[in-house]
Amino acid sequence: MTNRLSNETSPYLRQHADNPVEWYPWGDEAFAAARERDVPILLSVGYSACHWCHVMAHESFEDPDVAAVMNRMFVNVKVDREERPDVDGIYMQAVQAMTGRGGWPMTVFLDHDGRPFYGGTYYPRVDQHGMPGFVRVLESLDDAWRNRRDELDDVAGRLTAAIGQSGIPSAGTDEPSPDILARAHENVLRQLDPRFGGFGRAPKFPQAMTLDFLLRRLVVEESDETRRAVTLSLDAMAAGGMYDQLGGGFHRYSVDDYWLVPHFEKMLYDQALLVSTYLHAFLDTRDPRYRRIVEETITYVLRDLRHPDGGFFSAEDADSEGIEGKFYVWSLDEIDSVCGADAAEVVRYFGVTAAGNFTDPHTQYSGTILHVVDRDEPRPDGVSRARDALFLAREGRVRPGLDDKVLLAWNGLFLRALAEAAAALGRDDWMDAARTNAQFLLRALRRDDGRFLRSWQDGRASIVAYAEDHGALLEALCTLAEVDDPAWLSDARAVADELLARFRDDDDHGFFTTGSDAPPLIVRPKDVQDNATPSENSLAANGLLRLATLTGEATYAEPAAAWLRVLAPVLGEHPTAFAYLLGALERHLTPSIEVAIVGDPDDPATAALRSEVSTRFLPNVVVLAAAPGASAEHSPLLVERGLVDGHPAAYVCEGYVCSLPVTDAEALGAALGARLP
């Protein structure tokens, strides 16, 4: 018998449809049932690629005895944090306030109004390692609810009040100073792990946005220290077990300082952000290793995470056959069997040993995570041959679980990276995939009334989109307008107008997570800091500033500028928490350089002019290209722009003041170089 989750669009929720727990999805029905029975809500939040979510599900939610306790004492609600970032964000604040830490699975207990009074993360089935057993926690809270409810009510009131305090500084009136960027730069470098790269200690996350910030600083001013911080980190991540050496793509994070042992889930957003960073590093350094990482990671997403209609799936699990990492690790005998004459070189290059370097703590299954032992060594020919054979052999294994929902925000992040990489590396097939994805998002994740939707799965989409979704899609459409066709600006304007109409905070600036038409929660959340993904406000600030430059409509830039004034006091001091927003600050402070290219798209001379821009890392340059007389309705950059003596031409402008047009790529490069620091 299934519970109420069987028809949900989230694969994570459907994974729990056969639990003996009488789960409800988040909504009015659950709260009405709690009121009728006079029991609290037990809210469990997780996501499909979360290893410890699966552990807790197996230990407790699949256990009939535990389920019976849950069903008797609570109304149980399951939430996919990726579909409902608003619910997740609110109650994560509560758990962090109560315990000083957060994470998933998240377990929170609520009253009938949705106010939290107790919470934590993973609870074991029975007491262990100093953690109380789940059933003991349930029984204690049931007793408190029945006998000391006034105490719980007091706690709930104080927690809800604390959640409502955003901690955002009061709106400033002074323009942010370039000194903020310099201070942020210094503070990032102070956090560098000088031995293994990355920032801070284990567990180490890739922090692609922080590395991209350093790459942008290198455009402003060359620095050996900054360059080493970037290359050390990128090289270490690409060589370690963090990177899938056979199939391409990055795992979520490393549990050690060396980037060797990952948490094996693969998230679409990590692929998006790291593709952008490695692409920018390649354009800056021309190091072919970085290009290879871009190519292999995009190949992974297009091969394993793409729906036939063009959307990109969310994630792959860490586990297969109930064992963490089993799909990815190898024994020495397997290497010998698959690689033949190349086995010895593979063993040396990838550090394969009989003892292995990874053991699943739950099953004791062990093997070797492939990693490049000498991180400066180019990939030998024998390893390249064997890599193909190993990949084919691995395809015969049971794959990790696939979360096949299509999230608008994460698709927007990858769409932007894919389109930029397609233009930079001359991959028409990637550009076709980018166009198909954009068309899919604008069609399948949009209601007839124009309202965008958050999540799509198997033809169904229902949850209304968040500010994050609009910001990521806006950025992607601006990129498509630049590298593909200015006509995408029409869709970008529509997205920006929706963002401003439904999400703008007219009192304190920035954007709320939820739209004005969304069902109310105990507070209306606002996401401020960049975490695993850019915050909704960082995406919106960058996208609106770009759209203002591309369209010439300064009204789009004003909300971004206001938000930068609000956050200016903290940006320089906490750069890794605002790495993506620092890009918006740099764009705001730097005079924009605009390039308009006019010529027949099929003319090699037009392609050469476009390539001169797309194959360089130019963070604060915008470019639009069109045939003579076309697309002027989309941007003033293309108004009255024509051929020069019958030849395709590029017009380089700064603040809409333009120099004489040029007709060859070398001259365009010189014109751009003269305007860059």
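Placed above this text is the structure.
Since the model is a prediction, treat every value here as computed from it, not as a measurement.

## Some words on unusual backbone geometry
- Note that the residue after tryptophan 104, namely proline 105, is joined by a cis bond; omega there is 5 degrees.
- Locating proline 105 in the fold gives a position in the loop between helix 5 (85–99) and strand 4 (106–110).
- Following alanine 202, the chain continues into proline 203 via a peptide bond in cis, with omega recorded as -5 degrees.
- Mapped onto the elements, proline 203 comes out in the loop between helix 8 (179–190) and helix 9 (208–220).
- A positive phi is found at tryptophan 259, a non-glycine position, where the angle reads about 70 degrees.
- Among the structural elements, tryptophan 259 can be located in the loop between strand 6 (253–254) and strand 7 (262–263).
- Residue classification places tryptophan 259 among the buried residues on the basis of a relative accessible area of 0%.

## Section: the state of the cysteines
- The tally for this structure, following the rule as stated, stands at one disulfide.
- Between the sulfur atoms of cysteine 50 and its disulfide partner cysteine 53 the distance amounts to 2.3 Å. Note on the cysteine 50 and cysteine 53 pair: the S-S dihedral is about 80 degrees, so by sign convention the disulfide is right-handed. Like cysteine 53, cysteine 50 is buried.
- Cysteine 478 takes part in no disulfide bond, and the closest cysteine sulfur to it belongs to cysteine 653, at a distance of 18 Å.
- Taking the relative accessible area as the measure of exposure, cysteine 478 reaches 0% and is therefore buried.

## Here we look at the sheet that holds strand 21 (residues 657–658)
- The strand order across the open sheet built from four strands is 19-18-20-21, with neighbouring strands paired in mixed fashion. Two strands lie at the open edges of the sheet, namely strand 19 (621–626) and strand 21, each paired on one side alone.
- Packing against the sheet, helix 23 (residues 604–614) makes contact with strand 18 (593–598), strand 19 and strand 20 (649–654), and its axis sits at approximately 165 degrees to strand 18.

## Digging into helix 20 (residues 536–551)
- With 16 residues, helix 20 should reach 22 Å at 1.5 Å per residue; the first-to-last C-alpha distance of 22 Å fits that figure.
- Along helix 20, 16 of the 16 residues are buried, which leaves the element largely enclosed by surrounding structure.
- The positive-phi residue at the C-terminal boundary of helix 20 is glycine 552, with phi of around 75 degrees.

## Let's talk about the packing of helix 16 (residues 408–425) against helix 17 (residues 428–444)
- One can describe the packing of helix 16 onto helix 17 by two numbers: an axis separation of 8 Å at closest approach and a directional angle of 155 degrees. Judged by the angle between their axes, helix 16 and helix 17 are roughly antiparallel. Judged by the twist between their axes, the crossing of helix 16 over helix 17 is left-handed. Here helix 16 contributes Leu408, Asn411, Gly412, Leu415, Leu418, Ala419, Ala421, Ala422, Ala423 and Leu425 to the contact with helix 17, which in turn contributes Trp430, Met431, Ala433, Ala434, Asn437, Ala438 and Leu441.

## Describing the pairing of strand 18
- Within strand 18, six of the six residues are buried, which leaves the element mostly enclosed by the surrounding structure.
- Burial along strand 18 is two-sided: the face carrying Ile593, Val595 and Ile597 and the face carrying Glu594, Ala596 and Val598 are both buried.
- Inspection of the sheet shows strand 18 paired to strand 19 by six bridges, in the parallel sense. Across the sheet, the residue bridging to valine 595 is valine 623, located in strand 19.
- Handedness of the crossover is the feature at issue here: the chain leaves strand 18, passes through helix 23, returns alongside strand 19, and the resulting connection is right-handed.
- As judged from the six bridges shared by strand 18 and strand 20, these two strands associate in the antiparallel manner. Residue pairing across strands places valine 598 opposite alanine 649, the latter belonging to strand 20.

## Brief notes about the pattern of salt bridges
- Evaluation of the coordinates by the stated rule reveals 60 salt bridges.
- Here arginine 546 and glutamate 475 are joined by a salt bridge, their closest N and O atoms 2.9 Å apart. Taken as a pair, arginine 546 in helix 20 and glutamate 475 in helix 18 (residues 467–483) lie far apart in primary sequence, 71 residues in all.
- On the basis of relative accessible area, arginine 546 is assigned to the buried category, the value being 4%.
- Residue classification places glutamate 475 among the buried positions, given a relative accessible area of 2%.
- A salt bridge links arginine 502 to glutamate 498, with the shortest nitrogen-to-oxygen separation between them at 2.9 Å. Of this pair, arginine 502 and glutamate 498 both sit in helix 19 (residues 488–503), four residues apart, which is roughly one turn of that helix.
- With relative accessibility at 17%, the residue glutamate 498 sits in the buried group.
- Within this structure, Arg303, Asp304, Glu316, Glu395 and Arg399 form a network of salt bridges that share partners.

## Comments concerning the side chain of threonine 277
- Relative to the elements of secondary structure, threonine 277 occurs in helix 11 (residues 268–285).
- Under the relative-accessibility criterion, threonine 277 is labelled buried at 1%.
- Not counting chain neighbours up to four residues away, the residues in contact with threonine 277 comprise Ala208, Leu211, Asp212, Leu215 and Leu234.

## A word on the packing of helix 10 (residues 224–239) against helix 12 (residues 288–304)
- Their axes nearest at 11 Å, the elements helix 10 and helix 12 cross at an angle of 50 degrees. By the criterion of interaxial angle, the relationship of helix 10 to helix 12 is oblique. Seen along the crossing, helix 10 lies across helix 12 with a hand that is left-handed. Contact residues: Thr231, Leu234, Asp235 and Ala238 in helix 10; Arg289, Tyr290 and Ile293 in helix 12.
- Its residues placed into classes, the contact of helix 10 with helix 12 shows four nonpolar, one polar and two charged.

## So, the sheet that holds strand 15 (residues 406–407)
- Reading across from one edge, 15-16-17 is the order of the three strands in this open sheet, with antiparallel pairing throughout. Looking at which strands have only one partner, the edges of the open sheet turn out to be strand 15 and strand 17 (460–461).
- Across two bridges, strand 16 (residues 455–457) lies against strand 17 in antiparallel orientation. Across the sheet, glutamine 457 pairs through a bridge with arginine 460, a residue of strand 17.

## Re the pairing of strand 3 (residues 75–80)
- Counting buried residues along strand 3, six of its six residues qualify, which places the element largely inside the surrounding structure.
- Of the two faces of strand 3, the one holding Val75, Val77 and Val79 and the one holding Asn76, Lys78 and Asp80 are both buried throughout.
- Here strand 1 (residues 23–25) runs beside strand 3; their pairing, made up of three bridges, is parallel. If you follow tyrosine 24 over to strand 3, its bridge partner there is valine 77.
- As judged from the six bridges shared by strand 2 (residues 41–46) and strand 3, these two strands associate in the parallel manner. Its bridge partner lying in strand 3, serine 44 is registered against lysine 78.

Calculation rules
- Residues numbered from 1 in each chain as written.
- Predicted model: local features only at pLDDT ≥ 70, side-chain atom pairs only at ≥ 80, totals over all residues.
- Heavy atoms only, no water.
- Helix = DSSP H or I, 4+ residues; strand = E, 2+ residues; numbered from the N terminus.
- Buried < 20%, exposed > 50% of the residue type's maximum accessible area, 1.4 Å probe, protein only.
- Disulfide = S-S within 2.5 Å.
- Pairing = 2+ DSSP bridges.
- Contact = heavy atoms within 4.5 Å.
- Axes fitted to C-alpha atoms, helices over the stretch in contact; angles between N-to-C directions.
- Expected span 1.5 Å × (residues − 1).
- Parallel < 35°, antiparallel > 145°, perpendicular 65-115°, else oblique.
- Left-handed = near helix turned anticlockwise from the far one by under 90°.
- Right-handed = clockwise from strand over helix to strand, strands pointing away.
- Salt bridge = Lys/Arg side-chain N within 4 Å of Asp/Glu carboxyl O.
- Nonpolar A, V, L, I, M, F, W, Y, C, P; charged D, E, K, R; others polar.

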